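Each chain, letter by letter, is given below.
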Amino acid sequence: MADAPPIRTRGLAKRYGRVPALEDLSLDVEAGEVFGFLGPNGAGKTTTIRLLLGLIRPSGGEATLLGRPARSVAAHADVGFLPGDMAFWPRLSGAETLDFLAAATGRPPSQRPFLLQRLGLGDAELARPVRTYSDGMKQKLGLVQALQCAPRLALLDEPTKGLDPLVQQAFYGIVADLKARGATVFLSSHVLSEVERVCDRVAMLRAGRLVSLGDVESLRRAERRRVTAEFGADVDPASLAHFGELVAALPRRIEMLVAQEQVTALVARLGMLPLADLVIERPSLEDAFLEHYR
Amino acid sequence: MIAVLFRHHVRLHRVPLLPLAAGLALFEWIMTFVAREPAVSGFLTSALRAAPPQFLALLNQELVATVSPQGIIGVGYTHPFTLVMMAVWAVRVPSAALAGEIGRGTMDLVAARPVARYQQVAAALLALLAGLAILAAAAWLGTFGGLAGRPLEGVTAWHYLPVVAALWMLFASAGAVAILVSALAREAGTAIAWTSGLMAASYVLDYAARVWSRLAPIRPLSLFRYYEPQRLLSSGLAGEDVLVFAAVAVVALAAAFVVFARRDL
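Residues numbered from 1 in each chain as written. Chains lettered and ligands numbered in written order. Predicted model: local features only at pLDDT ≥ 70, side-chain atom pairs only at ≥ 80, totals over all residues.

**As for the overall build of chain A**
Selection criterion: Only runs of H or I of at least four residues qualify as helices and only runs of E of at least two qualify as strands under DSSP, and these elements are numbered from the N terminus. With C-beta atoms placed from the backbone, the exposure class of a residue follows from how many other C-beta atoms lie within 10 Å of its own: 20 or more, buried; 12 or fewer, exposed; in between, partly exposed. Remark: residues whose backbone-derived C-beta atoms lie within 7 Å of one another are considered to be in contact.
Counting its regular elements, chain A contains ten helices and 14 strands. By residue count, 43% of the 294 residues in chain A fall in the buried class. The long-range share in chain A, meaning contacts at least 24 apart out of those at least 6 apart in sequence, stands at 70%.

Given below as structure tokens:
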């Protein structure tokens, strides 16, 4: 059990009636890594997290959390969870909420002072009923409750939703601290720049299916380069079509998507033409994301 | 862990508990004043003698018992005010504890922690029973305070302990059904509607079966059939009634434990 990855799924599936929400998901998240889980709305990200926590029952396959079956609550003492739709008890104060959730975790909230300070939640705010909080403050409180007991595994569903850019920076620092002390972070997000910035590996879901899994750099590498070439005289774009996909073709300007291994050959070919300008763009994770979901 | 969850429920529901308890105590205290006024007693005697049997059935009383001072105080324990006050707690707490948490989205915060599903059901049950005990005790204290202030010959508050115990058992049993409904529902509103409807139907069935003999055979289906304060005052708690309350509660709770452990949250 000690050697088991913090998260392991094998053929994990969930159907709501006839509608598949998640199909055949198999992945391992290794200890100490920050793992990004990307996908558009309805791709199955939240369903996956809820399956991992045993909040819903799988229609097929299995999942383990810290080496224990997902439905076993024994592992939950070491797990911090931030739901995607943050909801609290409106009449309780922030402090009462944190105290209750720490007591329910069964561990002292050793990280609370540090998190409150990093996220800018003071005693005055914590003394107020949660119903008076803005969405951003609720999200901050959500992050504190998830991480206050120093979990070994953090499952964070859309963690920066509603946070202003300054607090987002603070959150990235918190993730770095979690990683530095060996915790595993599983982070679902729509914010590609955020995933690109903080994650070691990324999985992409589409319509409940895993479409891509790898480290951020290799995902980028696997994606095609965008090549834009301008010419001093008319050329025949069709003569370049076999290098990749022509996105735009004019007599004196072409735009292509080219696999990395084809770039060298294309540049050599372009050198034989009356080339006036050449731009080769490294794909961002967003390009990779969009290519998968277009 | 159950203690942590129990304290959480108490924190969420303590505010409405106070006015409910105060209302019950005040109402039963007033009933002792109604009982000791000969003019009121005489008026009630005349009024009840002239009243149609349907009205007496609503009070669920024997006429002779009702017009005695002890009986008039007993009316306080079957009065719709008392029943509604108890029902508010028996519906509110179970509905909020499970379905309410799911509907609001806070169940995920609790269930993602090392909290077993059975512990959630058990904590809801404890909060239900403790609150009902406080309300029943408040009602009795109202009677006790009224009789202590101006004693009524031959009537003591201790006579009403079996009534209070039966009142607690009636709503503990109904509350157990409410926990089952809540374990099945996804919203507090749905659970409240179903539970209130079931309680109201049970009350109406008991009343209708008393005034319409054709329905008498199905009267045992109503929980209110087993709660008769005037009989309790004369002969104490009946083992059969206690057994019915316990059986309904045990079956409903067993089903709630199973259903809630297996459902998607």
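**Topic: the packing of helix H9 (residues 161-184) of chain B against helix H10 (residues 188-211) of chain B**
Residues and elements named next belong to chain B. Using the following cut-off: For helices, the axis comes from a line fit to the C-alpha atoms of the stretch in contact; other axes are also lines fit to C-alpha atoms, and the angle between any two N-to-C directions lies between 0 and 180 degrees. In this scheme, a crossing is called left-handed if the near helix is turned counterclockwise away from the far one by less than a right angle; it is called right-handed if the turn is clockwise. Lys, Arg, Asp and Glu make up the charged group, whereas Ala, Val, Leu, Ile, Met, Phe, Trp, Tyr, Cys and Pro make up the nonpolar group; the residues left over, Gly among them, are polar.
It is the contact of H9 with H10, at a shortest axis distance of 9 Å, that shows an interaxial angle of 145°. Taken as a pair, H9 and H10 cross one another with a handedness that is right-handed. Listed contacts from H10 to Ala174, Val177, Ala178, Val181 and Ser182 of H9 are Ala191, Trp194, Thr195, Leu198 and Met199. Looking at side-chain class alone, the contact of H9 with H10 contains eight nonpolar, two polar and no charged residues.

**Section: the interface of chain B and chain A**
Note on interface size: it is often stated as the accessible area lost on association of the parts. Each side of the interface is counted separately: chain B has 18 residues, and chain A has 25 residues. Each residue belonging to the side of chain B that touches chain A can be placed in one class, and the counts come to ten nonpolar, three polar and five charged.

**Some thoughts on the nonpolar core**
In plain terms, the rule: We define a nonpolar core as a collection of buried residues of the types Ala, Val, Leu, Ile, Met, Phe, Trp, Tyr and Cys that are connected via C-beta atoms lying within 7 Å of each other.
By size, the foremost hydrophobic cluster in this structure holds 151 residues, and its most contacted members are B:Leu135, B:Leu167 and B:Ile179. Top contributing element to this core by residue count: H9(B), with 17 residues. Residues in contact with B:Leu167, not counting those within four places in the same chain, are B:Tyr77, B:Met86, B:Ala136 and B:Tyr227. One finds A:Val227, A:Phe243, A:Ile254 and A:Val258 within the second-largest nonpolar core, a separate group that totals eight residues.

Read these as spatial facts, not as claims about activity.
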